[in-house]
Amino acid sequence: MSVADSTISSPAKSINVDLGERSYPIHIGSEQILQAGIGQYVQGKKVLIVSNETIAPLYLPAVLEQLQDKQVDQVILKDGEQYKTLDNLNLIFTQLIEKQHDRKTTLIALGGGVVGDMTGFAAASYQRGVPFIQIPTTLLAQVDSSVGGKTAVNHALGKNMIGAFYQPRAVIVDTDTLATLPEREFCAGMAEVIKYGLISDDAFFLWLEENVEALLNRDPQALAYAIERSCLNKAKVVSADETEQGVRAILNLGHTFGHAIETFQRYTGLLHGEAVAVGMAMAAQLSMLSGAFSQQDMDRTKALITSFSLPVAPPQAMQADDFMALMVRDKKVLDGQLRLVLLNGIGSAVVTADFRLQLLEETLDKACHR
Ligand code: NAD
Ligand code: GLY
C-alpha cells in the first residue's frame, strides 16, 4: 500500500498492518463500532472490556450491543495518565481471574492511549498472552497508540518503562467518537499527526498546513484523511521494524524530550501529545543547530504546531539539568549512549547518537531560559 497513492478518503477504509501471521486490519470510518463487525475478531465465548470512567458511559453500550452472544465482563479504570501503573493493571488481572477467563478470552481496549497501552500489556501477559482488540477513542490513539503493538505502564522513575510488544487482532477506529473529545485532547492528538509529516511525509505536512482550519473544525472528510494517512505512515514503519531494532525509532521524534517533561511533572502536567509537541520543537532546534535543518523549516514546524494551540517550550519549572537527568533513562539509550531522532528536513528523520553534546546543552538552555 502506497502512502503517496492515498486520496481524500470517504468513510470506512481498511488498512492492513503487514506483519505476516500477526497482520491485522485498521478499520477507519464513521459508525465503525456498529459496522466493523467487532464479533468477528472474538474467537472464544468470553470478553473483557477495559475502559475508563469517562469513556464507558459514552461508548460502552454500543460495544456491548455487538457482543450479545458472549459473556462480557468489564473493568472501568480511573481516568488519567497517573493511573497508568502496575497497581491499576492488577485490577484487570484480578477481574480476569475472578471471572475465570481462560486463554480463549479476548480483551477489548475501549478508550484513549492510556486504556489501550494498559489493556495491551494485560493481554500480552495474562496467561502468557491472549488476543485483544483496540477501539481507540482519542485522536492520538486513532493515529498512533492503537497501531503497532507497543504496550506499557509507567513507573514513577520513567514513562512506559514496563511493557511488551504485542499486536492487537484488529483496530477499530470509529471517527464519530471524536465528537465528544475535548478540544485540548484533540489538539494533543494533532501533535502525533504532525509528527508523521515531519519524519517521513513532506506532502502530508504541506496538506496539514493547508487544512488547519478544516481540522480544527473537525471536518469529517479532513479528519478521516488525516487519520488514514497517519495510520498508513505508521503501518509502513511498523511493518518494516516491528520491535524497534532500527527505523521504528523515528516514530519517537520529540519523545525523549517529551517523556522527560511528563516524568518531571509526574504525569499530571502537560498531556502526552503536548509534551511531544514541545519535544518536536526541541528536536527541530537541535537539528537546526547541527546544520541539518533550515531556519525556514524550523519556522514552518513551530507555526504548524502552534496553529493547533500546542506548546513549543517546556514548563517554566524545568531546567536543563532536569532534562539531562531524565533523558539518560530513555529507552533509546543503548550501551549508555543517548540516541535522538533528528531532522534533515521536513519529511526526513534520522535516529542518531552522532550529535554534539554541546549543541544539545545549548538547545536545553535556550528552551529553559526563554
Ligand atoms: P488518554 O488515554 O488519557 O485520553 C485522553 C482523555 O480523553 C482522557 O481523559 C480520556 O478519558 C478522554 N477521552 C478518550 N476518548 C474520549 C472521547 N471520545 N470523548 C471524550 N473523552 C474522551 O490519552 P491519549 O492522548 O489518548 O493517550 C496518551 C497515552 O498514549 C500516553 O500514555 C502515551 O504514552 C500513550 N502512547 C502510546 C503509544 C503507543 O505506541 N503505544 C503511542 C503514543 C502514545
Ligand atoms: N509511538 C511510537 C511507536 O509506536 O513506535
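What counts, and where the lines are drawn
Residues take numbers from 1 onward in each chain, read along the sequence in its written order. Chain letters and ligand numbers both follow the written order, the letters beginning at A and the numbers at 1. With pLDDT at 70 or above as the cut-off, local features in this predicted model cover only qualifying residues; side-chain atom pairs require 80 or more to be listed or tallied, and sums for whole chains, interfaces and linings still use all residues. Side-chain metrics in this entry use all non-hydrogen atoms of the structure; hydrogen atoms and water are not considered. We call a residue near a molecule or strand when any one of its heavy atoms sits within 4 Å of it. As used in this structure description, the phrase polar contact means that two N or O atoms lie within 3.5 Å; if the pair is within protein, one of them must be able to donate a hydrogen and the other to accept it, and residues adjacent in sequence are counted only when both atoms belong to side chains. We get accessible surface area from the Shrake-Rupley algorithm with a probe of 1.4 Å; when it comes to residues, only the shown protein chains can shield them. For helices the rule is a DSSP run of H or I covering at least 4 residues; for strands it is a run of E covering at least 2, with both sets numbered from the N terminus onward. Residues are grouped as follows: Ala, Val, Leu, Ile, Met, Phe, Trp, Tyr, Cys and Pro are nonpolar; Asp, Glu, Lys and Arg are charged; all remaining types, including Gly, are polar. Throughout, a residue-residue contact means that at least one pair of heavy atoms, one from each residue, lies within 4.5 Å. We define a salt bridge as a side-chain nitrogen of Lys or Arg found within 4 Å of a carboxyl oxygen belonging to Asp or Glu. Partly exposed residues are those whose accessible area sits between 20% and 50% of the maximum for their type, while under 20% is buried and over 50% is exposed, using a 1.4 Å probe and protein chains only. DSSP calls a pair of strands paired once it identifies at least 2 bridges connecting them. Here an angle of 0 to 180 degrees is reported between the N-to-C directions of two axes, which are lines fitted to C-alpha atoms, with helices fitted over the stretch in contact. Under the convention used throughout, the expected extent of a helix is 1.5 Å for every residue step, that is, one less than its residue count. When the centres of two rings from Phe, Tyr and Trp lie within 6.5 Å, Trp using its six-membered ring, the rings pair. Their planes under 30 degrees apart give stacked, over 60 give edge-to-face, and anything left gives tilted.

1. Looking at the site of ligand 1
Reasoning step 1: If you check the shell around ligand 1, you find 28 residues, and the closest are Glu-81, Lys-84, Thr-137, Thr-138 and Thr-180.
Reasoning step 2: A distance of 2.6 Å is found between an oxygen atom of ligand 1 and a side-chain nitrogen or oxygen belonging to Thr-138.
Reasoning step 3: In this structure, a nitrogen atom belonging to ligand 1 sits 2.7 Å away from a side-chain N or O atom of Thr-180.
Reasoning step 4: For ligand 1, the accessible surface in isolation is 860 Å², of which the surrounding protein chains cover 91%.
Reasoning step 5: Looking at the shell around ligand 1, the elements that each hand over two or more residues are helix H2 (56-65), helix H4 (113-125), helix H5 (139-145), strand S8 (158-165) and helix H6 (183-200).
Reasoning step 6: Tallied by class, the residues present in the shell around ligand 1 amount to seven nonpolar, 11 polar and 10 charged.

2. Some points on the site of ligand 2
Reasoning step 1: For ligand 2, the full set of nearby residues is Asp-144, Lys-150, Lys-234, Glu-244, Arg-248, Leu-251 and Asn-252.
Reasoning step 2: Contact distances for ligand 2 include 3.2 Å between a nitrogen atom and a side-chain N or O atom of Asp-144.
Reasoning step 3: The contact in question runs from an oxygen atom of ligand 2 to an N or O atom on the side chain of Lys-150, over 2.9 Å.
Reasoning step 4: Bound to the protein, ligand 2 loses 90% of the 200 Å² it would expose on its own.
Reasoning step 5: Considering only residue class, the shell around ligand 2 consists of one nonpolar, one polar and five charged.

3. What to know about the side chain of Glu-192
Reasoning step 1: By the secondary structure assignment, Glu-192 is in helix H6.
Reasoning step 2: Beyond its immediate stretch of four places on either side in the chain, Glu-192 contacts Leu-140, Val-143, Asp-144, His-255, His-272 and Val-276.

4. What to know about the pattern of salt bridges
Reasoning step 1: The tally for this structure, following the rule as stated, stands at 14 salt bridges.
Reasoning step 2: Across the pair Lys-195 and Asp-144 runs a salt bridge whose closest N-O atoms are separated by 3.0 Å. Of this pair, Lys-195 sits in helix H6 while Asp-144 sits in helix H5; the two residues are 51 residues apart in sequence, bridging distant segments of the chain. Here the two residues Lys-195 and Asp-144 agree in accessibility, since each one is buried.
Reasoning step 3: Between Lys-195 and Glu-192 there is a salt bridge whose closest N-O contact spans 2.9 Å. Here Glu-192 and Lys-195 lie together in helix H6, a separation of three residues that amounts to about one turn.

5. Quick look at the environment of Asp-219
Reasoning step 1: Within the element layout of this structure, Asp-219 appears in the loop between helix H8 (212-216) and helix H9 (220-240).
Reasoning step 2: Under the relative-accessibility criterion, Asp-219 is labelled partly exposed at 33%.
Reasoning step 3: Among the polar contacts made by the side chain of Asp-219, one reaches the main-chain amide nitrogen of Ala-222 at a distance of 2.8 Å.

6. Quick notes on the sheet that holds strand S9 (residues 170-174)
Reasoning step 1: Judged by pairing direction, the sheet is mixed, and its seven strands sit side by side in the order S1-S2-S9-S6-S5-S3-S4 without closing on themselves. On the outer flanks of this sheet lie strand S1 (13-17) and strand S4 (71-77), each paired with one strand and no other. Strand-to-strand twist in this sheet, taken as the mean axis angle between neighbours without regard to direction, amounts to 15°.
Reasoning step 2: Relative to S9, strand S2 (residues 24-29) runs parallel, the two being bridged by four bridges. Within S9, the position partnered with Ile-28 by the bridge is Val-173.
Reasoning step 3: Sitting on the sheet, H2 touches strand S3 (46-52), S4, strand S5 (106-111) and strand S6 (132-136), and the angle it makes with S3 is about 165°.

7. Some remarks on H4
Reasoning step 1: The terminal C-alpha atoms of H4, which comprises 13 residues, lie 18 Å apart, in line with the 18 Å expected from a rise of 1.5 Å per residue.
Reasoning step 2: Here H4 lies mainly inside the structure; 11 of its 13 residues are buried.
Reasoning step 3: With its phi angle positive at about 45°, Gln-127 sits one or two positions after the end of H4.

8. Concerning the packing of aromatic side chains
Reasoning step 1: Tallying each qualifying case throughout the model produces five aromatic pairs.
Reasoning step 2: Pairing Trp-207 with Tyr-225 gives two aromatic rings, centres 4.6 Å apart and planes at 65°, and the pair type is edge-to-face. One end of the pair, Trp-207, is in helix H7 (residues 202-210); the other, Tyr-225, is in helix H9, with 18 residues separating them in the sequence.
Reasoning step 3: According to the relative accessible area criterion, Tyr-225 is buried, its value standing at 5%.
Reasoning step 4: For the pair Phe-257 and Phe-323, a centre-to-centre distance of 6.4 Å together with 65° between the ring planes defines the contact as edge-to-face. Of this pair, Phe-257 sits in helix H10 (residues 255-264) while Phe-323 sits in helix H13 (residues 320-327), and the two are 66 residues apart along the sequence. Assigned by exposure class, Phe-257 and Phe-323 land together as buried.
Reasoning step 5: Cluster of aromatic residues (ring-pair linked, three or more members): Phe-204, Trp-207 and Tyr-225.

In short, the description is geometric, and any link to function would need to be established separately.
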